[in-house]
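Reading the structure
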Amino acid sequence: MSNIIIKDVKKTFLTKDKEVVALSKSSLTINSGEFICLIGPSGCGKTTLLNMIAGFLPPTEGKVFIDNKLVTKPNSKRVTIFQEYGLLPWKSVLENVLFGLECIKVSKKDAKETALHYIELVGLKGHDHKAVSELSGGMKQRVSIARALAVKPSVLFMDEPFGALDAFTRYKIQDELLRICKEDKPTIVFVTHDIDEAVYLADRVVVMEPSPGRIEEVLPIKLDYPRDRSSKKFEETRHEVFEAFKRANDESLR
């Protein structure tokens, strides 16, 4: 587990004739083991913010600290999962999960035991020798999650990882993710457009506003796990987040 401090970060990009502000000054503190969802429309800086926290992008201004250390580059203990899976399609499920462990120089015996453990945890036991190219989209995303969690990251960054999946598969993998994270307790920063997904997963939802991108509101989700999407409390919380989302968008159009 790791705590994250985002202090007055800003990101600008230079185009041919002007400077574009992708994210205006924003600050946020994320507690160790917390599950944070960043939501907002396209252009609100969700992925930009995620990439700065992960060390892929340097802030133009401000600083990011993880465990009180300045973030200047990616770290093997902080793993990112993208919507595109990032797998090696010609290799097997097991080989893909082992790849992450080999990168941090785990012994072959321990690596295989660990890889098989996480393959089983994501519901892919018996599929370990299948080539990734043979798998469905939902199964590929499970492999991505297994590979990420096998290295026991202190922080897990997830950029719309379930966006391309059908609703039933998405719900199933959301449950798998919550179940596994209850065991390993990484700090999670999760980007999504889906308000329902954010309310189902997050401890807190960070609502972002576009033009320029910025953090507009941070809402605690006061629902016990496991959460019931059909409950009155869930619907009330979803409505609260939707109203915050709507306010942020309405303000950006003024």
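Note that the coordinates shown come from a computational prediction; the quantities given were computed from them, not determined experimentally. (Residues numbered from 1 in each chain as written. Predicted model: local features only at pLDDT ≥ 70, side-chain atom pairs only at ≥ 80, totals over all residues. Heavy atoms only, no water.)

Counting its regular elements, the protein contains seven helices and 10 strands. A compact globule built from 254 residues would reach a C-alpha radius of gyration of about 18 Å, and the protein, at 18 Å, matches this within 12%. With the C-alpha coordinates of the protein rotated into their principal frame, the extents come out at 55 × 45 × 35 Å. Evaluated residue by residue, the protein yields a buried proportion of 51% over its 254 residues. Restricting the contact set of the protein to residue pairs at least 6 apart, pairs at least 24 apart contribute 71%. In the structure as shown, the protein presents an accessible area of about 12700 Å², 52% of it carried by carbon and sulfur atoms. Within the protein, one finds 39 positive and 36 negative side-chain charges whose respective centroids are separated by 5 Å. (Helix = DSSP H or I, 4+ residues; strand = E, 2+ residues; numbered from the N terminus. Rg over C-alpha atoms; globule rule 2.2 N^0.38 Å. Buried < 20%, exposed > 50% of the residue type's maximum accessible area, 1.4 Å probe, protein only. Contact = heavy atoms within 4.5 Å. Areas by Shrake-Rupley, 256 points an atom, 1.4 Å probe, with all protein chains shown as cover. Lys, Arg positive; Asp, Glu negative; His and termini not counted. Charge placed at Lys NZ, Arg CZ, Asp CG, Glu CD.)

Its 14 residues place the ends of helix H3 (residues 108-121) 20 Å apart at the C-alpha level, agreeing with the 20 Å of an ideal helix rising 1.5 Å per residue. Turning to H3, its buried residues number three or more, namely Ala111, Ala115, Tyr118, Ile119 and Leu121. With its buried residues spanning 155 degrees around the axis, H3 presents them on a single face. (Expected span 1.5 Å × (residues − 1). Arc of directions from axis to C-beta.)

The next point concerns the pattern of salt bridges. The full count for this structure, using the stated rule, is 10 salt bridges. By sharing partners, the salt bridges in this structure join Arg142, Glu176 and Arg179 into a single network. (Salt bridge = Lys/Arg side-chain N within 4 Å of Asp/Glu carboxyl O.)

The sheet built from six strands is open, its strands ordered S6-S7-S8-S3-S9-S10 with mixed pairing. Whereas interior strands pair on both sides, the edge strands pair on one side only; in this sheet they are strand S6 (78-82) and strand S10 (214-220). Strand-to-strand twist in this sheet, taken as the mean axis angle between neighbours without regard to direction, amounts to 20 degrees. (Pairing = 2+ DSSP bridges. Axes fitted to C-alpha atoms, helices over the stretch in contact; angles between N-to-C directions.)

Our focus in this paragraph is the sheet that holds strand S4 (residues 61-66). Taken together, the four strands give an open sheet; going across it, the order is S2-S1-S4-S5, and neighbouring strands pair in antiparallel fashion. In this open sheet, the two edge strands, each paired with only one partner strand, are strand S2 (19-30) and strand S5 (69-70). Where S4 lies against S5, two bridges are found, and the strand directions are antiparallel. The residue bridging Phe65 from the neighbouring strand is Leu70, located in S5.

What follows covers unusual backbone geometry. Here the bond from Ser211 into Pro212 is cis, since omega is -5 degrees, no more than 30 degrees from zero. Mapping Pro212 onto the fold places it in the loop between strand S9 (204-209) and S10. Following Tyr225, the chain continues to Pro226 via a peptide bond in cis, the omega torsion being -5 degrees. Assignment of secondary structure puts Pro226 in the loop between S10 and helix H7 (232-252). Located in the positive-phi region is Asp67, a residue other than glycine, with phi close to 55 degrees. Within the secondary structure layout, Asp67 lies in the loop between S4 and S5. When its relative accessible area of 36% is taken as the criterion, Asp67 is described as partly exposed. Positive phi values are uncommon outside glycine, yet Ser211 reaches one of about 60 degrees. By the element assignment, Ser211 lies in the loop between S9 and S10. Residue Ser211 is classed as exposed on the basis of its relative accessible area of 59%.

On to the side chain of Glu34, then. Along the chain, Glu34 falls in the loop between S2 and strand S3 (35-39). Take Glu34: its relative accessible area is 9%, and that puts it in the buried class. Of the polar contacts made by the side chain of Glu34, one reaches the side chain of Arg204; its length is 2.5 Å. Beyond its immediate stretch of four places on either side in the chain, Glu34 contacts Pro186, Thr187, Ile188, Asp203 and Arg204. (Polar contact = N/O pair within 3.5 Å; in protein donor to acceptor, adjacent residues only side chain to side chain.)

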